[in-house]
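Descriptive analysis of the structure
What follows is the residue order along each chain.
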Amino acid sequence: MFRILATVLTTVILAGFLGWMHPGLDAVSNFRLHLSVLLLGTALCLLLTHRRRTALSGITVGAIGIWMSAGALPKFTEPARAAADGSVYRLLHLNLWVHNQQTNDVLQLVDDVDAHILTFVEATRSWQKRLKPLEKRYRHVHRCNWSSTSGGVVIYSRLPMVGGSRSCHEGAIMALAKIKVEHTSFTVGAVHLSWPWPWEGAGEVTALKKSIAGIGENAVIAGDFNSASWTYLIRQFASYGGLSPVQNIGPTWIADSVPAKWATLFGLQPDNIMHKGRIRASSAHTLRPVGSDHLPILFNYTVDG
């Protein structure tokens, strides 16, 4: 039994490394970390039997799988660095979730964090009304496709948006706006992609190729990509725009039937943040649950002058 399980797990994990061949394989790779941990446990059980070769093979593949997916583990590898003027900016990202009714928790979190920029996805018409109080402080707002059943994407900013810079791409998949800060500007993006396969995530990235390539020299993109940081889909999106994915944010999603706080231990990492140019990452980590099946992410960064 353990031998069969180890063989199956090994095959699935290795198949996930071939995500460039088919989005179905890339979808499987989202579970690489979980499957690798399970494979290691299975392999250790096999060490107690005479299946030493299978056990050693499982330990090797499991260890490689964990190493190659370490980007999902929360770890602050990059110390906070202040800009020349000491300014550290904050971006709060959250998949609001269409079924979330805890409006006050979301508003309280925004108040507590006091971020300069907010990026929300699954922002329905209902959420538009419930988030109206935010507009007193976040006067610059860019929304895309509020009429969608699953909601749209929206950017709130306390910092001014450059006139004529707001754009929506492929419906509610990506919103872009240029933010003015000090003597420079940078593009902020909010993204919500589908699962790579059997849904249309891979095709959506291809459709966005020109838009991603044209975001400018300085940018920060946050969103629910429905793909972990190590997947081919994320690498492809990042390569189109010359972006660098932020690592070690930690898992952000778990099934809504499970308490959201368990996401940090057992969840997946569909939410990612990318940056380029003068945007310098200081830290990124998940915050307390606020009723969504996704955890919020706080991204601290500086903008080089």
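Residues numbered from 1 in each chain as written. Predicted model: local features only at pLDDT ≥ 70, side-chain atom pairs only at ≥ 80, totals over all residues. Heavy atoms only, no water.

**A closer look at the packing of helix H1 (residues 2-16) against helix H3 (residues 32-46)**
Where H1 contacts H3, the two axes come as close as 9 Å, and the packing angle between them is 150°. Relative to H3, H1 is oriented roughly antiparallel. Regarding H1 and H3, the two cross each other, and that crossing is left-handed. From H1, Phe2, Arg3, Leu5, Ala6, Leu9, Thr10, Val12, Ile13 and Gly16 reach across to H3, where they touch Arg32, Leu35, Ser36, Leu38, Leu39, Thr42, Cys45 and Leu46. (Axes fitted to C-alpha atoms, helices over the stretch in contact; angles between N-to-C directions. Helix = DSSP H or I, 4+ residues; strand = E, 2+ residues; numbered from the N terminus. Parallel < 35°, antiparallel > 145°, perpendicular 65-115°, else oblique. Left-handed = near helix turned anticlockwise from the far one by under 90°. Contact = heavy atoms within 4.5 Å.)

**Side note on the packing of aromatic side chains**
The final tally for this structure, using the stated rule, is seven aromatic pairs. Measuring from ring centre to ring centre gives 6.5 Å for Trp262 and Phe266, while their planes differ by 70°; the resulting arrangement is edge-to-face. On the accessibility criterion, Trp262 (42% relative accessible area) is partly exposed. Where Phe299 meets Tyr301, the ring centres are 5.3 Å apart and the plane angle is 20°; that geometry is what we call stacked. With relative accessibility at 0%, the residue Phe299 sits in the buried group. Here a set of aromatic residues connected by ring pairs shows up, and it is made of Tyr89, Phe186, Phe299 and Tyr301. For the cation-ring pair, Arg32 lies above Phe17, with the distance from its terminal atom to the ring centre recorded as 3.9 Å. A cation over a ring is seen here: Arg130 above Trp127, with NZ or CZ 3.8 Å from the ring centre. (Phe/Tyr/Trp six-rings, centres within 6.5 Å; stacked < 30°, edge-to-face > 60°. Buried < 20%, exposed > 50% of the residue type's maximum accessible area, 1.4 Å probe, protein only. Lys NZ or Arg CZ within 6 Å of the ring centre and 35° of its normal.)

**As for unusual backbone geometry**
Peptide bonds are mostly trans, and most non-glycine residues show a negative phi. The omega angle of the peptide bond from Trp197 to Pro198 is 10°, so this bond is cis rather than trans. Position of Pro198 among the secondary structure elements: in the loop between strand S7 (184-192) and helix H7 (201-207). The backbone of Trp97 shows a phi angle near 75°, a positive value even though the residue is not glycine. With respect to the helices and strands, the residue Trp97 is situated in the loop between strand S1 (89-95) and helix H5 (103-113). Phi angles above zero are rare outside glycine, and Glu170 is one such case at about 50°. Relative to the assigned elements, Glu170 resides in the loop between strand S5 (167-169) and strand S6 (174-181).

**Considerations on the state of the cysteines**
By the definition in use, this model includes one disulfide. In this model Cys144 forms its disulfide with Cys168; the gap between the sulfur atoms is 2.0 Å. As the torsion about the S-S bond is roughly -90°, the Cys144-Cys168 disulfide counts as left-handed. On the criterion of sequence distance, the pair formed by Cys144 in strand S3 (residues 140-144) and Cys168 in strand S5 is long-range, its members being 24 residues apart. The buried category is assigned to Cys144, whose relative accessible area is 1%. (Disulfide = S-S within 2.5 Å.)

**Here's the deal with the pairing of strand S12 (residues 297-303)**
Strand residues, when the strand is regular, have side chains that alternate between the two faces of the sheet. With seven of seven residues buried, S12 lies mostly within the body of the structure. Every second residue of S12 is oriented toward a common face, with Ile297, Phe299, Tyr301 and Val303 on one face and Leu298, Asn300 and Thr302 on the other, all of them buried. By the bridge criterion, five bridges tie S1 to S12 in an arrangement that is antiparallel. Its bridge partner being in S12, Leu92 is matched across the sheet by Leu298. For strand S11 (residues 279-286) and S12, the ladder comprises seven bridges, and the chain directions are antiparallel. Opposite Ile279, over in S12, you have Val303 as the bridge partner. (Pairing = 2+ DSSP bridges.)

**Structural notes on H1**
One turn of the α-helix equals 3.6 residues, which is why residues spaced by three or four share an orientation. Between the first and last C-alpha of H1 there are 21 Å, a value that for 15 residues agrees with the 21 Å anticipated at 1.5 Å per step. Looking only at H1, the buried set comprises Ala6, Leu9, Thr10, Ile13 and Gly16. Buried residues of H1, viewed axially, fall in a sector of 125°; they line one side. Tucked into the core, H1 has its buried residues touching helix H2 (23-29), H3 and helix H4 (52-68). (Expected span 1.5 Å × (residues − 1). Arc of directions from axis to C-beta.)

**Here's the deal with the confidence of the model for the protein**
Counting all residues, the mean pLDDT for the protein is 92, and 95% of those residues have values of 70 or more. A low-confidence stretch, residues 76-85 stays under pLDDT 50, and its non-local contacts, those more than four residues away or across chains, total 17 contacts. (pLDDT = per-residue confidence, 0-100.)

**Notes on the sheet that holds S11**
In space, the six strands of this open sheet follow the order S3-S4-S2-S1-S12-S11, with mixed pairing throughout. Lying at the two open borders of the sheet, with one neighbouring strand each, are S3 and S11. The mean inter-strand angle of the sheet, taken between neighbouring strand axes irrespective of direction, is 15°. In terms of strand pairing, strand S2 (residues 117-123) meets strand S4 (residues 152-157) through six bridges, oriented antiparallel. Within S4, the residue paired with Phe120 across the bridge is Val154. Of the strands in this sheet, S1, S2 and S12 are in contact with H5, which crosses S1 at around 165°.

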